[in-house]
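Chain residues, written in single-letter form:
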Amino acid sequence: MKVRKAIIPAAGLGTRMLPATKSQPKEMLTIVDKPVIQYVVEEAVESGITDILMVTSAGKESIRSHFDRNFPNAIHYKSKGKHELLKLLRGLGELCNIEYTAQKELRGLGDAVLCGEPFVGREPFAVLLGDTICTSGNEYPVLAQLLHAFTQFGFSAVALEEVPIEMVSKYGVMGGQQVSPGVYKASEWVEKPAPEDAPGNLAIASRYVFTSEIFECLKDTHAGLNNEVQLTDAMKRLLLTQEMYGVAISGNRYDIGNKLDFIKTNVAFGLEHAEIGGVLKDWISSIRS
Ligand code: UTP
């Protein structure tokens, strides 16, 4: 079955990025000249997703405005004859169908995904975290790499990245057997294990494709770590009844939800940017000497 729908959880508080996130969503923070959430939507669309549900909360209205075809300054750009710019900005409202729902209480990522059940129904679907950008190391976007595994096996597929073993306690971690290069059949999911208890160093990397049975698992999952409904706990339940796969992604994951990685992401994307990359590189060299 073709995966057409995606849920983008974007309701979180963004506490680690305060005060920047006091009155603006962290998903709208800028990487060079685009908000994080735009990169996420573009990855979904380039992977073949046609319908997106954005899970938001109070104070996140600017996300909807960003993807609106109509916007207050359009008339100004029109009168100045800036047609290319107008086309580009209006195009953000035409990338795909985007719907919005509110997560009523911030009860964790698992709860945010469960908010998408009425939108998804009984189809397989994708989840892309709204505060994390993935760049691809080959011709396929990271979500498309997962969709490929989903098509091959017909079961849920989760993005993985290798992390240093001493860092595993920051992530959900998979245990499993490699079935083809970079593809693993899962036997275990563990949320934030101590290095000595971890089944390996393959960490969950913010992109997922799920069968719709994950919703029943989420309903049966009580609040766990940090009093939040953990998506990883629901994945453990799903694994009791269905096969699940992990795909070591070709590419990089940039979590912009903390200060250091936010700055690193801006530098990495700035260096690749056609307009400013060269000058930025020279400037970085000059401040290092
Ligand atoms: P984080 O784990 O980074 O949590 O969420 P957070 O609350 O946004 O950030 P801090 O810890 O306060 O700094 C990962 C993704 O899951 C979404 C977030 O918006 C982010 O995209 N999320 C998290 C929800 O949609 N709802 C939640 O209840 C929690």
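Refer to the structure above for everything that follows.
Residues numbered from 1 in each chain as written. Predicted model: local features only at pLDDT ≥ 70, side-chain atom pairs only at ≥ 80, totals over all residues. Heavy atoms only, no water.

### Describing the packing of aromatic side chains
Inclusion rule: A pair of aromatic rings is counted whenever rings of Phe, Tyr or Trp (Trp by its six-membered ring) have centres within 6.5 Å, and the orientation is called stacked for planes under 30 degrees apart, edge-to-face for over 60 and tilted otherwise. In this description a helix means any DSSP run of H or I spanning at least four residues, a strand means any run of E spanning at least two, and both kinds are numbered starting from the N terminus. Accessible area is worked out with a 1.4 Å probe on protein chains only. A residue is then buried under 20% of its type maximum, exposed over 50%, and partly exposed in between.
Evaluated as defined, the whole model comprises seven aromatic pairs. Between Phe 125 and Phe 210 the ring centres are 6.0 Å apart and the planes differ by 50 degrees, which places this aromatic pair in the tilted class. Here Phe 210 lies in strand E11 (residues 202–210) and Phe 125 lies in strand E6 (residues 125–128), a separation of 85 residues in the sequence. On the basis of relative accessibility, which here comes to 0%, the residue Phe 210 falls in the buried class. Geometrically, the ring pair formed by Phe 153 and Tyr 245 is stacked, given 3.9 Å between the ring centres and 10 degrees between the ring planes.

### Quick look at a nonpolar patch on the surface
Put simply, the rule is: Patch members must show over 30% relative accessible area and no salt bridge, and they are joined within 9 Å when carrying like charges or within 5 Å when they are nonpolar side chains of Val, Leu, Ile, Met, Phe, Trp or Tyr. Per-residue and other accessible areas follow the Shrake-Rupley method at a 1.4 Å probe size, with only the shown protein chains counted as cover for residues. Here a salt bridge means any side-chain nitrogen of Lys or Arg lying within 4 Å of a carboxyl oxygen belonging to Asp or Glu.
Residues Ile 263, Val 267 and Leu 271 make up a contiguous nonpolar surface patch of roughly 230 Å² in combined accessible area. Note on placement: Leu 271 falls in helix H10 (residues 259–272).

### Let's talk about helix H7 (residues 142–153)
Residues spaced three or four apart along an α-helix point in a common direction, a consequence of the helix completing one turn every 3.6 residues. Worth spelling out the cut-off: A helix is expected to span 1.5 Å multiplied by its residue count minus one. By definition, residues are in contact when any of their heavy atoms lie within 4.5 Å.
For H7, which comprises twelve residues, the first-to-last C-alpha distance of 17 Å matches the rise-based estimate of 16 Å (1.5 Å per residue) to within 8%. Within H7 the residues assigned to the buried category are Val 142, Leu 143, Ala 144, Gln 145, Leu 146, Leu 147, Ala 149 and Phe 150. On its buried face, H7 is in contact with helix H1 (36–46), E6, strand E7 (132–136), strand E8 (156–162), E11 and strand E12 (244–248). Among the residues trailing H7, Gly 154 stands out with phi positive, at a value near 75 degrees.

### What about the site of the ligand?
Put simply, the test is: For this description, a residue counts as near a given molecule or strand if any of its non-hydrogen atoms is within 4 Å of it. In protein, a polar contact means a hydrogen-donor-capable atom and an acceptor-capable atom, both N or O and within 3.5 Å, with residues adjacent in sequence counting only if both atoms are side-chain atoms; elsewhere, any N or O pair within 3.5 Å suffices. Asp, Glu, Lys and Arg are counted as charged, while Ala, Val, Leu, Ile, Met, Phe, Trp, Tyr, Cys and Pro are counted as nonpolar; the rest, among them Gly, fall into the polar class.
Around the ligand, the structure places 18 residues, and the nearest of them are Gly 12, Thr 15, Arg 16, Glu 27 and Gln 103. Measuring from an oxygen atom of the ligand, one finds a side-chain N or O atom of Thr 15 at 2.7 Å. When the ligand is considered free in solution it has 570 Å² of accessible area, and contact with the protein chains removes 83% of it. Of the residues in the shell around the ligand, the class split is seven nonpolar, six polar and five charged.

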